[in-house]
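Descriptive structure summary
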Amino acid sequence: MTAAEGYPGVGRVLVIIPTYNEADNVRSITERTRTAVPDVDILVADDNSPDGTGAIADELAVADDHIFVLHRAGKEGLGAAYKAGFAWAKDKGYDAVVEMDADGSHAPEELSKLLDALAGNDVVLGTRYISGGSVHNWPMHRLLLSRGGNIYIRMALGMPFKDATGGYRAYRIGVLDKIDVATIASTGYSFQVEMAWRSYRQGYRIVEVPITFTEREHGVSKMSGNIFKEQLLRVTLWGAQARKESLLGLLNRKPRQGSTWP
């Protein structure tokens, strides 16, 4: 199958890589991605990085017709960058999109695992916390925070996923319309949870595949305490709303003829 036809079983795939001050990483991540899976295209969504990331991405796009750049006005958060990238992908007629960090924490060499799984599913979550997955170079407190957060998410939302916060994942393009991604309010890492939550509630086929997550070597992590608090607050609200809807549905259910309610 040629690059024009796309990835086998999936079609035309766009890997979206949001960037903000990733001048030290953008060359490497795009080169590794193009080497690992030549059949995909790449969109660098740059939030007007003051370190010149956007200009570097432009150079890469000139040299490789599989690389594109979306210049955004300023730093608006991970969720906003992905939503802009999704809209770009839909406009250009792609069949699937992949979310990938610019800092190398998501190994492009594992991209084919996600796409192979997407051939038989609607959503694929790259997962650190199942057999075969791992986390490298994280301090223990950060690992405990992440694993504890995912346990809370499973309890609050009833989703079975071991890693709902991970950012390495793939979606068929039709999923984005059905879950109305344009209305997602989350802007930080809770964006990933909300995407998984909406997809799960719509009944899509979602599968987790193991990945190796490696902490960045260059640049500064975008994670902060405020982002983590936003995530927990939103998850709590979504869980409460879902339980309320379930209770109202039960109360409004009519009893079967000849039986007593409920």
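Residues numbered from 1 in each chain as written. Predicted model: local features only at pLDDT ≥ 70, side-chain atom pairs only at ≥ 80, totals over all residues. Heavy atoms only, no water.

**Description of the sheet that holds strand 2 (residues 41-46)**
A sheet is described by the order of its strands in space; here seven strands give the open sequence 3-2-1-4-7-5-8, paired in mixed fashion. Where the open sheet ends on each side, the last strands, each with one partner, are strand 3 (67-71) and strand 8 (206-210). Shown here is a sheet whose adjacent strand axes are inclined to one another by a mean of 20°, direction ignored. Note: strand 5 (residues 123-127) against strand 7 (residues 169-172), three bridges, orientation antiparallel. (Pairing = 2+ DSSP bridges. Helix = DSSP H or I, 4+ residues; strand = E, 2+ residues; numbered from the N terminus. Axes fitted to C-alpha atoms, helices over the stretch in contact; angles between N-to-C directions.)

**With respect to the confidence of the model for the protein chain**
Taken residue by residue, the protein chain gives an average pLDDT of 89. The fraction at 70 or more is 88%. Low confidence marks residues 258-262, where pLDDT is under 50. Its contacts with residues over four positions away, or in another chain, come to six contacts. (pLDDT = per-residue confidence, 0-100. Contact = heavy atoms within 4.5 Å.)

**Focus: helix 2 (residues 53-63)**
Residues Thr-53, Gly-54, Ile-56, Ala-57 and Leu-60 constitute the buried set of helix 2. Summarising the axial view, the buried residues of helix 2 lie within an arc of 160°, below the 170-degree limit, and thus occupy one face. Set apart from the buried face of helix 2 by more than 90 degrees, the exposed residues are Val-62 and Ala-63. Buried residues along helix 2 sit against strand 1 (13-19), helix 1 (26-36), strand 2 and strand 3. (Buried < 20%, exposed > 50% of the residue type's maximum accessible area, 1.4 Å probe, protein only. Arc of directions from axis to C-beta.)

**Points about the packing of helix 3 (residues 78-91) against helix 7 (residues 190-201)**
For any two helices packed against each other, the geometry comes down to the angle between their axes and how far apart the axes lie. Put simply, helix 3 and helix 7 touch, their axes get as near as 8 Å, and they point 50° apart. In this view, helix 3 runs oblique relative to helix 7, as classed from their interaxial angle. Between helix 3 and helix 7, the residues in contact are Leu-78, Gly-79, Tyr-82, Lys-83 and Phe-86 and Phe-191, Gln-192 and Met-195, respectively. Its residues assigned to classes, the contact of helix 3 with helix 7 shows five nonpolar, two polar and one charged. (Parallel < 35°, antiparallel > 145°, perpendicular 65-115°, else oblique. Nonpolar A, V, L, I, M, F, W, Y, C, P; charged D, E, K, R; others polar.)

**Quick notes on the environment of Gly-149**
Within the secondary structure, Gly-149 is located in helix 5 (residues 140-157). Take Gly-149: its relative accessible area is 4%, and that puts it in the buried class. Separated by 15 residues in sequence, Gly-149 and Ala-164 place their C-alpha atoms 9.2 Å apart.

**Concerning helix 1**
Owing to its 3.6 residues per turn, the α-helix aligns residues three or four sequence positions apart on the same side. Within the span of helix 1, buried status applies to Val-26, Ile-29, Thr-30, Thr-33 and Arg-34. Taken down its axis, helix 1 places every buried residue within 125° of arc, on the same side. Of the exposed residues in helix 1, those oriented more than 90 degrees away from the buried face are Glu-31 and Thr-35.

**Overview of the nonpolar core**
Grouped burial of nonpolar side chains is what soluble globular proteins tend to show. If you look at the biggest cluster of nonpolar residues, it comprises 35 residues, and the most contacted ones within it are Phe-86, Val-97, Leu-157, Met-159, Leu-176, Val-181 and Met-195. Mapped onto this core, the elements with two or more residues apiece are strand 1, helix 3, strand 5, helix 5, helix 6 (173-178), helix 7 and helix 8 (225-252). Grouped together as the second largest cluster of nonpolar side chains are 30 residues, Val-26, Leu-60, Ala-102 and Val-209 included. (Core = buried A, V, L, I, M, F, W, Y, C linked by side-chain atoms within 4.5 Å.)

**Remarks on the pairing of strand 4 (residues 96-99)**
Here strand 4 shows a buried face lined by Ala-96 and Val-98 and a second buried face lined by Val-97 and Glu-99. Bridge count for strand 1 against strand 4 is four bridges, and the pairing is parallel. Bridge pairing links Ile-16 to Glu-99 in strand 4. Pairing of strand 4 with strand 7, which is carried by four bridges, proceeds in the antiparallel orientation. Following the sheet pairing, Ala-96 is matched in strand 7 by Arg-172.

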